[in-house]
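Spelled out from the first residue to the last, the chains are:
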Amino acid sequence: MAGMSSQSAPSPAAATEPGLAADAGSHTVTVGFDLDMTLIDSRPGIKATYEALSARTGAYIDVDLAITRLGPPLEQELVHWFPDERIEEMGELYRELYPEYAIGPTPAMTGAREAIEAVRRAGGRAIVVTAKHRPNAKLHLSHLGIEADAVIGWLWAEAKAEALREYGATVYVGDHTGDVRGARTAGALSVAVATGPCAADELLTAGADVVLDDLTAFPAWLTGHMDGRRDVGGRTEMGGRTDKGGRTDMDGRTDMGGRTATAG
């Protein structure tokens with residue numbers, strides 16, 4: 001939301017944590033997480049920022065509608081409210097307003113801290129790969145006491161694969177079909193959470209390997225993944241994907257409610 005399209009964004013190399021990208025071999029697993037609606041519920045903060053932007057510019061913005069479309073880069077939302085020649089200017093103003101209006105009202109998603117801690121307990125590292133402006137992403141994490149090993153911003157959908165590959169991430173957790181596409185482009189296991197704008201069935205159809213109701217189910221899933229993973233054609237994944245009820249689908253993708261989409 002608060003990011004840009006990958007075409008105009010800095011390269012991931014400009015936003016990496018020194019030394020960490022090359023350090024994948026010293027960890028059992030690297031797990032990537034999306035930020036908005038995966039680790040944080042950014043709706044209150046984004047709504048407040050859009051309201052401030054509207055007040056500052058005099059432009060009408062349906063803020064309640066805008067926060068139902070979170071996921072893509074900010075500019076894709078701004079085109080609904082501003083003429084093309086003002087998009088870059090409005091994006092810069094939005095990001096300038098964001099720290100004042102968005103950080104305080106935004107809570108962590110249920111289970112977010114525990115999900116990061118689960119990765120650490122497994123001997124892994126947790127990175128955040130987001131479309132958001134990286135400085136604002138880091139402000140959110142610092143405010144909420146969520147400690148990521150690296151934060152990479154300005155990447156959306158398939159472009160997220162650049163950072164996932166660079167850091168050697170074999171699992172990517174997100175709430176949007178764009179996150180699913182990023183994981184699959186990187187050759188990582190796509191673990192989706194149905195806490196954002198995309199329903200569980202939509203995430204499965206997009207190609208998610210696993211869909212969890214929310215991040216509270218992630219530690220148990222990760223334990224099973226680490227206990228049962230094996231190398232399949234260069235990808236680290238479970239021999240079969242299992243939902244929390246113990247039902248395993250060997251050929252398809254299974255969500256936590258037992259609904260399966262056949263891989264195709």
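Residues numbered from 1 in each chain as written. Predicted model: local features only at pLDDT ≥ 70, side-chain atom pairs only at ≥ 80, totals over all residues. Heavy atoms only, no water.

1. Considering helix α8 (residues 177-186)
The periodicity of an α-helix, 3.6 residues per turn, causes residues three or four positions apart to be oriented the same way. Short version of the rule: Throughout, exposure labels follow a simple rule: accessible area from a 1.4 Å probe, protein chains only, divided by the maximum for the residue type, with under 20% read as buried, over 50% as exposed, and the rest as partly exposed. We count a stretch as a helix when DSSP gives it H or I for four or more residues in a row; a strand needs E for two or more, and each element gets its number in order from the N terminus. Contacts are residue-level and defined by heavy atoms, with any inter-residue pair within 4.5 Å sufficient.
Burial runs high along α8: seven of the 10 residues are buried. For α8, the full list of buried residues reads Thr177, Gly178, Asp179, Val180, Gly182, Ala183 and Ala186. Residues of α8 that are buried sit in contact with α7 (160-166), β4 (171-174), β5 (189-193) and α9 (200-206).

2. Description of the pairing of β4
Filter applied, for reference: Paired strands, as defined in this entry, are two strands with at least two bridges between them according to DSSP. By definition, the crossover connecting two strands over a helix is right-handed if that path, from the first strand to the second, turns clockwise as seen with the strands pointing away from the viewer.
Of the two faces of β4, the one holding Val171 and Val173 and the one holding Tyr172 and Gly174 are both buried throughout. Pairing geometry for strand β1 (residues 30-33) and β4, over three bridges, is parallel. Each bridged residue has a counterpart across the sheet, and for Gly32 the counterpart in β4 is Tyr172. Two elements, β4 and β5, share four bridges in a ladder whose sense is parallel. Paired with Val171 across the strands is Leu189, a residue of β5. Tracing the backbone out of β4, into α8 and back to the parallel element β5 gives a crossover that is right-handed.

3. Thoughts on the packing of helix α5 (residues 112-121) against helix α10 (residues 218-228)
Formally: With axes taken as lines fitted to C-alpha atoms, and helix axes fitted only over the stretch in contact, angles between N-to-C directions fall between 0 and 180 degrees. Oblique is the label for any angle not under 35 degrees, not over 145, and not in the 65 to 115 range, which are roughly parallel, roughly antiparallel and roughly perpendicular in turn. In this scheme, a crossing is called left-handed if the near helix is turned counterclockwise away from the far one by less than a right angle; it is called right-handed if the turn is clockwise. For this classification, the nonpolar set comprises Ala, Val, Leu, Ile, Met, Phe, Trp, Tyr, Cys and Pro, the charged set comprises Asp, Glu, Lys and Arg, and every other residue, Gly included, is treated as polar.
The geometry of α5 relative to α10 is characterised by a closest axis approach of 9 Å and an angle of 20 degrees between their N-to-C directions. On the basis of their axis angle, the class for α5 and α10 is roughly parallel. Of the two elements, α5 crosses α10, and the hand of that crossing is right-handed. Each of Glu114, Ala115, Ala118, Val119 and Arg121 in α5 lies in contact with α10, whose residues at this interface are Phe218, Pro219 and Leu222. Of the residues contributing to the contact of α5 with α10, the split by class is six nonpolar, no polar and two charged.

4. Quick word on the pairing of β1
Residue alternation in β1 divides its side chains into two sets, Thr30 and Gly32 and Val31 and Phe33, and both sets are buried. Two strands pair when backbone bridges link them, and β1 and strand β2 (residues 125-129) are joined in this way by four bridges, in the parallel orientation. Bridge pairing in β2 places Thr30 opposite Arg125.

5. Some details on the packing of aromatic side chains
Stated precisely, the cut-off is as follows: Planes of paired rings set the category: under 30 degrees apart is stacked, over 60 is edge-to-face and the rest tilted, where pairs are Phe, Tyr or Trp rings (Trp by its six-membered ring) whose centres lie within 6.5 Å.
If you walk through the whole model with that rule in mind, you get five aromatic pairs. Taking the centre distance of 5.6 Å and the plane angle of 70 degrees together, the rings of Phe33 and Phe218 count as edge-to-face. Of the two residues, Phe33 is situated in strand β1 and Phe218 in helix α10; the sequence distance between them amounts to 185 residues. We note that Phe33, like Phe218, is buried. Taken together, a centroid distance of 5.7 Å and an interplanar angle of 45 degrees make the contact between Tyr94 and Tyr98 tilted. Placement of both Tyr94 and Tyr98 in helix α4 (residues 87-102) is noted, with a separation of four residues, approximately one turn of the helix. You can call Tyr98 buried: its relative accessible area is 0%. Through a chain of ring-to-ring contacts, the aromatic side chains of Phe33, Phe218 and Trp221 assemble into a single cluster.

6. A word on the side chain of Arg125
When you line up the elements, Arg125 lands in strand β2. Judged by its relative accessible area of 1%, Arg125 is buried.

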